[in-house]
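# Coordinates in review
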Amino acid sequence: MEPESLRMLLDVVIIIVVAKLLEELLAKYKQAPVLGDLLAGIVLGPSILGLIAPTEHIKIIASLGIISLLFLAGVETDVSRMKKYGLVSAIVGVGGVIASFISGLLLGLFFGYGIKESMFIGAILVATSVGITVRTLMEMDTYETKEAYVIVGAAVFDDIYGLFVLALVYALVVGKSGEELYTIVLAMLGLLMLLVVYRLTEKHTLHISHIIRSFKTGEAFFVFTFIYGLIVALGVGYMKLSPIVGAFFIGLALSKMPGIEAFKEKLSAFTALMSPVYFALIGLTLSIKQITFTYETLMYILSLVIIGFISKIIGCGLLAKLLHFSWLEALIIGVGMVPRAEVASIIAFTGLALGLLDQNTLFATIILIYSSSILTPIILKTLYSAKLKPRGR
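Quick caveat: nothing in here was measured; it's all calculated off a predicted structure.

What follows covers the overall build of the protein chain. When helices and strands are tallied, the protein chain shows 16 helices and 0 strands. Overall size of the protein chain, expressed as C-alpha extent along the three principal axes, is 65 × 50 × 50 Å. A separation of at least 24 residues holds for 82% of the contacts in the protein chain among residues at least 6 apart in sequence. The positive charge centre, built from 29 side chains, and the negative charge centre, built from 26, are 8 Å apart in the protein chain.

Because each turn of an α-helix spans 3.6 residues, side chains separated by three or four positions in sequence point in the same direction. Buried residues dominate helix 14 (residues 327–336), accounting for 7 of its 10 residues. Every buried residue belonging to helix 14 is among Glu329, Ala330, Ile332, Ile333, Gly334, Val335 and Gly336, and all of these are buried.

Let us now look at the pattern of salt bridges. Under the criterion given, the structure shown has 8 salt bridges. Notably, a salt bridge pairs Glu261 with Lys264, separated by 3.2 Å at the nearest N-O pair. Of this pair, Glu261 and Lys264 both sit in helix 12 (residues 260–285), 3 residues apart, which is roughly one turn of that helix. A residue is classified by how much of its surface remains accessible, and Lys264, at 16% relative accessible area, is buried.

Another aspect to go through is the nonpolar core. Counting 104 residues, the largest nonpolar core has Ile66, Phe71 and Phe263 as the members making the most contacts within it. If sequence neighbours within four positions are ignored, Phe71 has contacts with Thr225, Phe226, Gly229, Ala247, Phe248, Ile250, Gly251, Leu254, Phe263 and Leu267. Grouped together as the second largest cluster of nonpolar side chains are 20 residues, Cys316, Ala330, Ile332 and Val335 included.

Let us look at the packing of aromatic side chains. Throughout the structure, instances matching the rule amount to 14 aromatic pairs. Plain terms: the ring middles of Phe215 and Phe224 are 4.5 Å apart, the flat faces sit at 45° to each other, and that makes the pair tilted. Owing to a relative accessible area of 36%, Phe215 belongs among the partly exposed residues under this scheme. Measuring from centroid to centroid gives 5.4 Å for Phe248 and Phe249, while their planes differ by 90°, and the two rings are edge-to-face. On the basis of relative accessible area, Phe248 is assigned to the buried category, the value being 4%.

Quick look at the layout of surface pockets now. By volume, the second largest pocket is sized at about 610 Å³. Lining the second largest pocket are 23 residues; nearest its centre among them are Ser63, Tyr170, Pro243, Phe349 and Thr350. Looking at the lining of the second largest pocket, the element that brings in the most residues is helix 3 (residues 56–76), giving 5 residues.

The share of residues in the protein chain with pLDDT of 70 or more is 90%, and the mean pLDDT across the chain is 85. Of all helices and strands in the protein chain, the one with the weakest mean pLDDT is helix 6 (residues 130–139) (63), whereas helix 13 (residues 295–322) scores best (94).

Mapping Ser100 onto the fold places it in helix 4 (residues 79–110). Dropping the residues within four chain positions of it, Ser100 is found in contact with Gly122, Leu125, Val126, Ser311, Lys312 and Arg340.

Thresholds, definitions, all that
Residues numbered from 1 in each chain as written. Predicted model: local features only at pLDDT ≥ 70, side-chain atom pairs only at ≥ 80, totals over all residues. Heavy atoms only, no water. Helix = DSSP H or I, 4+ residues; strand = E, 2+ residues; numbered from the N terminus. Contact = heavy atoms within 4.5 Å. Lys, Arg positive; Asp, Glu negative; His and termini not counted. Charge placed at Lys NZ, Arg CZ, Asp CG, Glu CD. Buried < 20%, exposed > 50% of the residue type's maximum accessible area, 1.4 Å probe, protein only. Salt bridge = Lys/Arg side-chain N within 4 Å of Asp/Glu carboxyl O. Core = buried A, V, L, I, M, F, W, Y, C linked by side-chain atoms within 4.5 Å. Phe/Tyr/Trp six-rings, centres within 6.5 Å; stacked < 30°, edge-to-face > 60°. 1 Å grid on protein atoms, 1.4 Å probe; cavity = no way out; pocket = protein on both sides within 12 Å on 5 of 7 lines; lining within 4 Å. Points joined across faces, edges and corners; volume = space filled by probe spheres on them. pLDDT = per-residue confidence, 0-100.

So this is what it looks like as structure tokens:
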């Protein structure tokens with residue numbers, strides 16, 4: 001191998017090793033592993049050590065990592081479980097999405113960003129992190145409460161809403177001036193194509209499994225199933241939608257396919273290796289030294305973080321109250337919907353890559369991810385203690 005190729009490979013190895021070590025460190029303190037990946041990029045990138053730059057080869061590996069992560073998320077989503085949580089969860093999720101998107105949009109406009117930039121800021125605030133929420137509820141032994149069912153169901157819907165918002169916002173802003181209508185029409189056709197592919201795939205999973213199993217080469221089932229997911233993701237990308245939307249929905253369509261458990265196990269291992277590169281890339285792209293910490297900048301960052309909390313608490317909590325939950329239960333649901341992680345960072349990084357968002361917004365997003373992930377479990381424990389106290393528990 002040439003020295004340049006060796007250096008490229010070394011960069012990737014360093015990123016994965018540092019990210020995994022920081023994941024372990026944060027897991028020891030019961031924090032989300034994704035925080036370790038983001039921190040790895042910040043430490044290795046221009047913000048602190050300046051050892052690794054966000055080069056094209058890292059971006060390619062990162063793209064593969066995030067597509068595999070969303071593919072896995074789709075495969076792991078239990079469609080029947082989503083139906084079980086039902087209409088209440090869907091409505092609560094919509095409340096949070098609307099409140100978050102509008103709040104972020106208005107915040108961007110208030111601080112002088114254009115309409116397209118502000119739409120991306122609104123999109124960043126949309127999706128709740130299911131993993132952080134579920135883990136917190138399970139650790140508190142409150143996973144079987146009615147609030148928990150609504151939180152988890154709404155969080156699952158939230159991720160889907162978030163991907164749809166990303167798809168629509170992405171389609172609206174990627175078109176050149178004068179081409180917005182063409183881009184939106186193409187994106188709508190892409191969405192229609194995705195829904196058709198989703199329905200056909202879901203309906204014929206038995207046949208797809210049979211065809212792939214007929215191949216004789218080693219690991220053919222994993223390889224060709226993964227290739228199928230990549231093809232759909234790339235096709236969606238060429239239709240002006242984000243490829244990760246396609247990856248998620250094709251994973252969802254294949255979630256009941258015979259043999260999917262074995263595929264899921266291998267995809268999980270592959271994703272565990274590749275996806276940290278994507279989240280580390282976000283940290284690598286962040287350059288704190290480029291941020292001028294003026295009073296206005298600090299107010300913008302602080303405002304985005306505060307609105308990130310309040311928009312979910314009000315948007316989800318008020319609708320929960322209207323659906324006959326008590327004020328305390330509604331507050332628990334609202335707080336449970338606050339954590340942001342993967343989808344928020346994905347949308348922020350997408351906006352940065354398109355040249356729409358700046359370092360201030362990326363930094364504010366990372367602060368929101370960390371603060372919401374750390375504070376939500378603390379607040380939930382306090383609220384559940386208040387709720388269970390009268391019962392003598």
